[in-house]
Amino acid sequence: MGESREGGPPPPAFLRCISPGCGLEYPVRDGRVRCGKGHLLDVAYAGRPDPGLKEVFLARRDPRGSIFNESGVWRFRELINFCSIDAEDAGACARSLVSLDGAEGRLSKPYRMRWASRFAGMGGGLWLQPEGYNPSGSFKDNGMAAALTHARMIGARRIICASTGNTSASAGMFAANEGLDCEVYIPAGQIAPGKLGQAYQFGARIVEVDGNFDDALARSLEVARGGGGYTVNSVNPFRIEGQKAILYRALEHLGWEPPDWVVYPGGALGNAASCGKALMELREWGWISRVPRLAVVNAEGASALADMYNGAEPLRWNGGRPDAGIMERYYAGAEERGERPSTRATAIQIGRPANLPRCLRALEFAGGVVTTVSDPEMLDGMSAVGRNGFDCEMASGAVPAGIRRLVREGTIRRDDTVLGILTGRQKDAALPVEYHRDPSNAFSRPPRA
Ligand SMILES: *Cc1c(COP(=O)(O)O)cnc(C)c1O
């Protein structure tokens, strides 16, 4: 992407194994999600985008009739240009880029939220970015715009995914817009009704799997390998590319001055992985002068990353050679004890996070920490956000709750600048009702008799 303000198409992007010791590369039109040795892939670019593009991105906020300028993803298209198009060529954009009429990422940006800030014990430096403002109601739309763009590029007719709910809602919405078939594998009975309803409404074919998310993902990947569809889970490297825009929007809002911390809930760890890749690139291109620290928040009941990262034998990226023995022993131990991930925050109820290696790389690059929070803490976090007039779901409540833990233990300082990503909006109406009916909850406003 040797792209600058001069325009013209950049050199082609390609796929590269994330493991530096492996180095396998594939053309960008390849549909695989892993290298020949089974490692995850990065989308890699040949060039170095000019920091002068910051002005171009800002100017596009007056969209001048272009949905790709309206889009909070494609507004930054020079940094996600795996189609290698001339980003100023309106016809090329319309032929190549998939968008929900410019709506993905258009409304999300960092906000100050007084209640949440007080709850977290922060001074004035907390920013929370509600990705629930996306058309399907979660951050997944950022990545899905890019994944569907790649699906179109290689002529896929059917997309396929496993989902804890929001992936299927997003995939279903994009597929319906593009006239593609969509097949989603869900853990039966473990999906918020609002999310499942969206997938049905958008015409997705639902396959109920008797098991948890990890089982559903294994099934869907197997079907995809057999030619049954194009995978749009976050193992897909193009999902990771689109989700970089979450960070771009926040950084732009902060004048490209990085905060001290960026905080995400951790499920399959695609978001944390994407943040890491965005930061590595921005640093390499000279767009940011320092790297914020990354914090990932697991649910106590689904804490594979936290357990391994903070374990007696800590799991690290280790220059691209994470200790496979630690992971194998951990998963085998959980299997033996019959442990299943368990939290009411179903969006992060994941036992085997598919992006673990990419996330370890991000944590190493960005001085990362990993913490856990309980279900009651997440509900408090969710409700503190609600009292500011923003809604978020329980898994997103892990962010203010995790910041609170890290402030209490002195890892995050009260006067630090912190950016927290609220990953999705409330789609389980029963949760806040239940929370507020119980007067013992920190932020509850019980009904009057
Ligand atoms: C998918 C999802 C997550 C988990 O994100 P990962 O990138 O898989 O870690 C968290 N919160 C919400 C609302 C989600 O939809």
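Bear in mind that the values here come from a model prediction, so they are computed numbers and not experimental data.

*Asks:* Got a minute to help me understand the pattern of salt bridges in this structure?
*Replies:* A pair can form between side chains of opposite charge whenever their charged atoms are brought close. With the rule as written, the count across this model stands at 27 salt bridges. A salt bridge links D30 to R32, with the shortest nitrogen-to-oxygen separation between them at 3.3 Å. Of the charged contacts in the structure, one is a salt bridge between R106 and E70, with a shortest N-O distance of 3.7 Å. Within this pair, whereas R106 is found in the loop between α3 (90-96) and α4 (114-120), its partner E70 is found in helix α2 (residues 67-70), the two being separated by 36 residues in sequence. Here R106 falls in the partly exposed class, since its relative accessible area comes to 42%. Taking relative accessible area as the criterion, E70 reaches 27% and is therefore assigned partly exposed. Connected via shared salt-bridge partners are E241, K244, K277 and E281.

*Asks:* Please clarify how the pairing of strand β7 (residues 205-209) should be interpreted in this entry.
*Replies:* Within a regular strand, side chains alternate between the sheet's two faces. Where strand β6 (residues 181-187) meets β7, five bridges bridge the pair, whose relative direction is parallel. Bridge pairing links V184 to I206 in β7. In this fold, β6 hands off to helix α7 (residues 193-201), which returns the chain to β7; that crossover is right-handed.

*Asks:* In this structure, what is going on with the sheet that holds β6? I would like to understand it.
*Replies:* Note: strands within a sheet are paired through backbone hydrogen bonds, in either parallel or antiparallel orientation. Judged by pairing direction, the sheet is parallel, and its four strands sit side by side in the order β7-β6-β5-β8 without closing on themselves. The open sheet is flanked by β7 and β8 (230-231), the only strands paired with a single partner. The pairing of strand β5 (residues 158-162) with β8 spans two bridges and is parallel. When the sheet's bridge partners are listed, I160 is paired in β8 with T231. Sitting on the sheet, helix α6 (residues 166-178) touches β5 and β6, and the angle it makes with β5 is about 170°.

*Asks:* What exactly am I supposed to notice about the packing of helix α9 (residues 237-253) against helix α10 (residues 270-284) here?
*Replies:* Packed helices, taken two at a time, are described by the angle their axes make and the gap between the axes. Following both chains from N to C, one finds α9 and α10 inclined at 65°, their axes separated by 8 Å at the closest point. Classified by the angle between their axes, α9 and α10 sit roughly perpendicular to one another. Where α9 crosses over α10, the handedness of that crossing is right-handed. Residues I240, E241, Q243, K244, I246, L247, Y248 and L251 of α9 touch α10, and the partners they reach there are G270, N271, A273, S274, C275, K277, A278, L279, E281 and L282.

What counts as what
- Residues numbered from 1 in each chain as written.
- Predicted model: local features only at pLDDT ≥ 70, side-chain atom pairs only at ≥ 80, totals over all residues.
- Heavy atoms only, no water.
- Salt bridge = Lys/Arg side-chain N within 4 Å of Asp/Glu carboxyl O.
- Helix = DSSP H or I, 4+ residues; strand = E, 2+ residues; numbered from the N terminus.
- Buried < 20%, exposed > 50% of the residue type's maximum accessible area, 1.4 Å probe, protein only.
- Pairing = 2+ DSSP bridges.
- Right-handed = clockwise from strand over helix to strand, strands pointing away.
- Contact = heavy atoms within 4.5 Å.
- Axes fitted to C-alpha atoms, helices over the stretch in contact; angles between N-to-C directions.
- Parallel < 35°, antiparallel > 145°, perpendicular 65-115°, else oblique.
- Left-handed = near helix turned anticlockwise from the far one by under 90°.

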